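# Summary of the model geometry
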Amino acid sequence: MLSVSPSSIARSSLEEMLESLRQRDENELPKDMPPALPPRPKPTSRARLPSTKRRLPSLEDDESKAALSSSDCSLEGERVRTFGPKRVKEMEAGESPYAVAGSNEPGWDDKLGYFIEKKLHVWCRSGDGHWESGQIQSTSGEKASVLLSDKSVVTVPIQELLPANPRILEGVDDLVQLGYLNEPSVLHNIRCRYLQDVIYTKAGPVLVAVNPFKDVEIYGHDYVTAYRQKLLDSPHAYAIADEAYDKMMADETNQSIIISGESGAGKTETAKIVMQYLAVLGGGSSGIESEVLQTSYILEAFGNAKTARNDNSSRFGKLIEIHFSASGQICGAKIQTFLLEKSRVVQLAIGERSYHIFYQLCSGAPSALRGRLRLKKASDYKYLNQSDCLEIHTIDDAQKFHTLMGALDTVRICKEDQEHVFEMLAAVLWLGNILFLVTDNQNYIEVVADEAVTNAASLIGCSEPELVLALSTRKIQAGKDEVTRRLTLQQAIDARDALAKFIYVSLFDWLIEEINSSLTTGKHNTGRSISILDFYGYEPLKKNSFQQFCVNYANERLQQHFNRHLFKLEQEEYELDGIDWTKVGFEDNEDCLNLFEKKPVGLISLLDEISNFPKATNLTLVAKLKQHLNANHCFKGERGGSFIIRHNAGEVLYDTEDFLKKNRESLHSETIQLLSLCTSRFPQYFTSTLLKQSQHPESKFMQSSMFACQKQTVATKFKVQLFELMQHLESTNPHFIRCIKPNSKQIPAVFQNDLALEQLRCNGVLEVVRISRLGYPIRMTHQEFATRYRFVLPENMACQDHLSMSIAILQQFDIFPQMYQVGYTKLYFRAGQIVALEDVRKQFLQGTLEVQKLTRGRRARLDFHELKGIVVKLQSYVRGKSARKEYNVLKKQHKSVVQIQSAIRGWLTRKNFGHLWNSKKSTVSKPKPGRRMSESKDLPETLPSVVEELQKAVSMAEATLGHKEKENIALREQVRKYEARMLEYEGKMKSMEEMWQKQTSLQVSLFVIIRGGNRTDWIGINTFENIPIFFES
């Protein structure tokens, strides 16, 4: 930052730059820019102030104001970029942040005339609260006559009118692109897209997904490839997953995708779509991505059920954390579940079903398995037939069972364990068929001994008398004696149902542990993960019990996380960095969360306190809540054991019946003892796990009639689990998908405006659109911005401070002032502005690379030719040395040949002379006495043949000698030529050495002149190591 002294008279370079920027903007900016703001007061923020007192230029053009007031796509709420203290304008939370035009807006009367003259469409609120499109015919005072689309004319107050967007803006991909941001315009845009089977719409950083209730052709390998290669940029769940994956790999930070919406909005399917995309991106040779996908079939079978609102409703919350390696491949996963709906195992509403697995088992189990489990039809089991709903017309339970079996094999659950799982499921069904018979007027009961008891005891692994005893009696301590007490009908039913719920919930938890064990095999924590959260939606029912109490509390906490990241943190950063910002109001649910969590007088604390009293009733609970919470505006006590909570999404009436029993979640000691003594492995495992969670694990049973299976109540345990979840989500970079249910009948191509609008309000989508339009999603520190784009500045400005360089860069790029703001520490840009900067930077870098490429190419060619000349000379020297060496070898060979030839000729001469000498001697010698005359007569006859042979030998020797002499002459001539070439090479070597010395001295002198003699990284050119040899022909 520049330092400006108060006593300094001369203006700093930054002030001069700002002045020139202001003058340029006043002269060059078009006349349709927003009007200027008055000077802002001095800053009160604790953030570091800038060194200059001048603000950046602003527009003061009356024509610009007029142009703004008549523009259909006005930027209401936006402000001209200035530098200095912030100016935060509060907006009421109850005020609609989308009514950018209305009777309370200055100049609306003039706009009404413009709308009438141009016959533009407006939105008008009818008497039943619905918005309808029409054209203003005339106005009279505070009322206007509007021609609706059905040709009817209505008269409505002007306050009930809102401007509609032109048809060219209908069905835009991003709601931020709408010219007018109001509720009917946003709703109409989503409806138009939905009716065209375009179910995804962007709302700033949030993806809005409308459940189509049918298959749409926007998924599959081709779409995955298109979004991965950035060939498509339309809103899609694939795009959200791709963005999370790219940020995880680029920033090495954990990501989270939070999928929310009410029951039936399509959260489960959306989560599966996201997982499928990530599985394709992170697919490798390990095959773990297929295991991750197969887990969804297991979770749906054991955790989903048909409700009045949804045929495949998740009755638990789940967090799927997928881990990736450094190369981006899936290396493991972990599943965490929350708040499984236990009561659905034993109690169903009319038209609903229990968990899918029961119906799949009854329909799809093979005959051998059915025989071992003694299975019957689903209609024969009381837990399943009580709701008069056994089938879902669009689902084949038998086929789903076969798919489930394949999924269990994929996650490596062995066949033996699978059979044990099915045994526990069948045991739960048979437990529901156990009947009780009242034996006296005190309502005590006996267990009816039938096939239900026999089959249940056999599947659990206990004897029939033990099961009957556990379901019909209780042992209590009376002084030092132990007394067995018989149970009433309701107590026996509660004991039976508690056992069934405990078995199923424990089985569900065991499955999650086995899946996690399979998915985490060989996983290494690389710090890269994407968490997918699919939680219960907000669902007010006709009768809201303890389950809905916990679900809606969790949704409040998730809504707070949503508000924190998209509203609070965003606007707090603007405020602290001192930029001009109109604060957008939103429904903050902090008061509702305090109602739940505050100690010691919050809902959960008071519920736990009352739960500690065994004789407390629901009336006691409501009285306690009224006593401490009536002053809270989010709470309202009602008569008859009920109360109302004003949630962020609306008011919900809770019936406190069974609140305390479900919150205690206790099991009788007889039930625990029964399971611990079973011969089957699973009941024993369930019991041991329960005992580990007990407050006193060393005490297996308590002497009272109830066993304290947990230190915490269900509400407190869920609160702790929820806090851990939020802590995990806070450590990630969040991405939000808001699922919308278009109609309550679950049929395609039907869009109920009031239902969709209510969900948009509850999810905070409309506020997000407002902030995204007015906000600055792209931000960079002054240092980052100046470093990245300093190439556009002249060299004399490169040494200035980062703020000065940043402002100069903005001036060079000609960015409109309303498209960015300068904060104390960062620059803030509106969406899309950084693209222009990056395009210029990309062009500059491409030009720089082209120049560098040409320069490097020319230098490489020069170096190549220079090196080639040196190598050729070196090769000539090497070839000369090789020739001299070869000549010496030939000279030695010649000398040896001459010596051998002389020796041979001498030997041949001596041999021939010996033969001649012997012949002559034998011819002149006299015959010995006694020799016969016949022998003397034979000598003259043999002498001519010997002489002839000698003559032949002499002629051959002469011929050989002549041939050798010719060879000697040729060798002498070759020696002479070699001597001549050697003299020539010696002359060339001498001239080359002289040239080498001259070149070396010249290069040394050149480097000394250029570098001043300080270059230390120069390598001598006369180093010939590793130089390629070029042989000339």
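Since the model is a prediction, treat every value here as computed from it, not as a measurement. (Residues numbered from 1 in each chain as written. Predicted model: local features only at pLDDT ≥ 70, side-chain atom pairs only at ≥ 80, totals over all residues. Heavy atoms only, no water.)

### Some details on the overall build of the protein chain
- Per the secondary structure count, the protein chain includes 30 helices and 26 strands.
- When each of the 1033 residues of the protein chain is scored for burial, the buried share is 46%.
- Contacts spanning at least 24 positions in sequence make up 69% of the contacts within the protein chain whose residues lie at least 6 apart.
- Accessible area for the protein chain stands at about 53100 Å²; split by element, carbon and sulfur atoms hold 53% of it. (Helix = DSSP H or I, 4+ residues; strand = E, 2+ residues; numbered from the N terminus. Buried < 20%, exposed > 50% of the residue type's maximum accessible area, 1.4 Å probe, protein only. Contact = heavy atoms within 4.5 Å. Areas by Shrake-Rupley, 256 points an atom, 1.4 Å probe, with all protein chains shown as cover.)

### What to know about the nonpolar core
- Counting 195 residues, the largest nonpolar core has F302, F358, F422, L425, I434, L467 and F549 as the members making the most contacts within it.
- Those residues within four positions of F358 in sequence are excluded, and the remaining contacts are L384, L425, V428, L429 and Y504.
- I807, F813, I815 and Y820 belong to the second-largest nonpolar core, a separate cluster that totals 20 residues. (Core = buried A, V, L, I, M, F, W, Y, C linked by side-chain atoms within 4.5 Å.)

### Examining helix α12 (residues 397–410)
- For α12, built from 14 residues, the straight-helix expectation of 20 Å at 1.5 Å per residue is met to within 8% by its first-to-last C-alpha distance of 20 Å.
- The complete set of buried residues in α12 reads D397, F401, L404, M405, A407 and L408. End-on view of α12: buried residues confined to an arc of 165°, all on one side of the axis.
- Where α12 is buried, its residues contact α8 (288–303), α9 (356–364), α10 (367–373), α13 (415–432) and α16 (489–519). (Expected span 1.5 Å × (residues − 1). Arc of directions from axis to C-beta.)

### Things to note about the sheet that holds strand β12 (residues 317–324)
- With mixed pairing, seven strands are arranged side by side in an open sheet as β7-β8-β23-β9-β18-β12-β13. Here the strands that pair on one side only, and so sit at the sheet edges, are β7 (200–203) and β13 (330–338). Mean inter-strand twist for the sheet, computed between neighbouring axes without regard to direction, equals 20°.
- With six bridges joining them, β12 and strand β18 (residues 529–534) adopt antiparallel strand pairing. (Pairing = 2+ DSSP bridges. Axes fitted to C-alpha atoms, helices over the stretch in contact; angles between N-to-C directions.)

### A short note on the packing of helix α7 (residues 267–281) against α8
- Contact geometry for α7 and α8: axes closest at 9 Å, N-to-C directions at 165°. On the basis of their axis angle, the class for α7 and α8 is roughly antiparallel. The way α7 lies across α8 gives a crossing that is left-handed. For the pair α7 and α8, the contacting residues are T268, E269, K272, M275, Q276 and A279 in the first and E289, V292, L293, T295, S296 and E300 in the second.
- Here the contact of α7 with α8 is composed, by residue class, of four nonpolar, four polar and four charged. (Parallel < 35°, antiparallel > 145°, perpendicular 65-115°, else oblique. Left-handed = near helix turned anticlockwise from the far one by under 90°. Nonpolar A, V, L, I, M, F, W, Y, C, P; charged D, E, K, R; others polar.)

### Observations regarding a nonpolar patch on the surface
- Residues L1006, I1009 and I1010 make up a contiguous nonpolar surface patch of about 340 Å² in total accessible area.
- Residue position: L1006 is located in helix α30 (residues 933–1011).
- Residue class for L1006 comes out partly exposed when judged on its relative accessible area of 48%. (Patch = residues over 30% accessible without salt bridge, like charges linked within 9 Å, V, L, I, M, F, W, Y side chains within 5 Å. Salt bridge = Lys/Arg side-chain N within 4 Å of Asp/Glu carboxyl O.)

### Quick look at helix α14 (residues 451–460)
- Of all ten residues in α14, seven are buried, a share of seventy percent or more.
- Buried within α14 are the following residues: A452, V453, N455, A456, A457, L459 and I460.
- G461 lies just past α14 and shows a positive phi near 100°.

### Considerations on the packing of α8 against α16
- Remark: α8 packs on α16, axes separated minimally by 11 Å, with the N-to-C direction vectors making an angle of 175°. Classified by the interaxial angle, the pair formed by α8 and α16 is roughly antiparallel. Residues I288, E291, V292, T295, I298, L299, F302 and G303 of α8 touch α16, and the partners they reach there are Y504, L507, F508, L511, I512, I515, S518 and L519.
- Each residue belonging to the contact of α8 with α16 can be placed in one class, and the counts come to twelve nonpolar, three polar and one charged.

### Looking at the packing of aromatic side chains
- Following the criterion strictly, the structure yields 34 aromatic pairs and no others.
- With a centroid separation of 6.3 Å and an interplanar angle of 20°, the aromatic rings of F546 and F549 are classed as stacked. Residue F546 and its partner F549 are both found in helix α17 (residues 546–576); the two are separated by three residues, about one turn of the helix.
- For F549, a relative accessible area of 3% corresponds to the buried category. (Phe/Tyr/Trp six-rings, centres within 6.5 Å; stacked < 30°, edge-to-face > 60°.)

### Side note on the state of the cysteines
- Tallied over the full model, the rule gives zero disulfides.
- With no disulfide partner, C592 has as its closest neighbouring cysteine sulfur the one in C634, 5.1 Å distant.
- Overall, the relative accessible area of 3% leaves C592 in the buried class. (Disulfide = S-S within 2.5 Å.)

### Focus: the pattern of salt bridges
- Under the defined criterion, the tally for this structure stands at 45 salt bridges.
- A salt bridge links E252 to R528, with the shortest nitrogen-to-oxygen separation between them at 3.0 Å. Taken together, the residues E252 in the loop between α6 (237–251) and β9 (255–260) and R528 in the loop between α16 and β18 connect sequence positions 276 residues apart.
- Residues E638 and K636 are paired through a salt bridge, measuring 4.0 Å at the closest nitrogen-oxygen approach.
- K636 sits in the partly exposed class, given a relative accessible area of 39%.
- Members of the salt-bridge network, linked through shared partners, are R228, K230, D242 and D246.

### Thoughts on the side chain of E291
- Relative to the helices and strands, E291 resides in helix α8.
- Relative accessible area serves as the criterion here: at 7%, E291 is assigned to the buried category.
- Engagement of the side chain of E291 in a polar contact is seen with the side chain of R412, the distance being 2.7 Å.
- The residues touching E291, leaving out its near neighbours within four places in the chain, are T410, V411, R412, S518 and L519. (Polar contact = N/O pair within 3.5 Å; in protein donor to acceptor, adjacent residues only side chain to side chain.)

Function cannot be inferred from these measures alone, as they are strictly geometric.
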